[in-house]
Amino acid sequence: LHTTAPALTSLDLSVSGGPNDLSHKTTSSLLPLLQCPTLRRLNVRNNASITPALLVPFVKDPRSVGRFSLQDMVTFGVNPGLVTDAVVHAYAAARCRTETTLSLHGAYAFTHLPSTSALTRCVLQEVYIGGTNVRDLSPLSALVQLRRLECCDDKGNAAPIASVAPLAQCTSLQRLGLRRC
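Structure report, in brief. It should be emphasised that the depicted structure is a prediction, and the values quoted were computed from it without experimental measurement. (Residues numbered from 1 in each chain as written. Predicted model: local features only at pLDDT ≥ 70, side-chain atom pairs only at ≥ 80, totals over all residues. Heavy atoms only, no water.)

Things to note about the pattern of salt bridges
Considering all chains together, one arrives at 4 salt bridges under this definition. Close ionic contact of Arg63 with Asp61 constitutes a salt bridge, the shortest N to O distance being 3.0 Å. The partner of Glu99 in a salt bridge is Arg95, with the nearest N and O atoms 3.2 Å apart. Across this residue pair, the class does not change: Glu99 and Arg95 are buried. One continuous salt-bridge network, built from bridges that share partners, spans Arg148, Glu150 and Arg175. (Salt bridge = Lys/Arg side-chain N within 4 Å of Asp/Glu carboxyl O. Buried < 20%, exposed > 50% of the residue type's maximum accessible area, 1.4 Å probe, protein only.)

Considerations on the sheet that holds strand β6 (residues 175-177)
With respect to topology, 4 strands assemble into an open sheet ordered β3-β4-β5-β6, the strand pairing being parallel. Of all strands in the sheet, those with a lone pairing partner are β3 (101-103) and β6, marking the two edges. Averaged over all pairs of adjacent strands, the angle between their axes in this sheet comes to 5°, without regard to strand direction. Relative to strand β5 (residues 148-150), strand β4 (residues 126-128) runs parallel, the two being bridged by 3 bridges. Within β5, the residue paired with Glu126 across the bridge is Arg148. (Pairing = 2+ DSSP bridges. Helix = DSSP H or I, 4+ residues; strand = E, 2+ residues; numbered from the N terminus. Axes fitted to C-alpha atoms, helices over the stretch in contact; angles between N-to-C directions.)

Structure below.
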């Protein structure tokens, strides 16, 4: 995917199944897309050549910070099953000092929060994990500034939380959504 279209804001590489469908083309890297300075929406749904291994360097690259949020990627353009632990950990590491919200609603392949030591550097104030398979909230104990944690998404899909005891360290927590947990 080599393109440097300076005015490109949206790129759809999803599978349509039509005669002009380009999704059968193998994609070796998403990084060249970051050369398009105005690109903000990337749809790669159902594209078999897109893997977590391609997403990790894309979300880690400083050029993607501020342009692509993980929630927008899940909602508008990436199969939720591709948002694995490795993708989320790379995303959080690249943005830990800038993003105050981590929204993973519907990312059902996500099972483990980044480690406590990784979250210690983060400025996260809101975390949304509804529709994921996160059970252990203990890494969130590093987020003393955490104000909101939602464990159920708008569709009623709850994360299978084992215990809320680790949240005792989150002294700024104002809102806790445990519906259906």
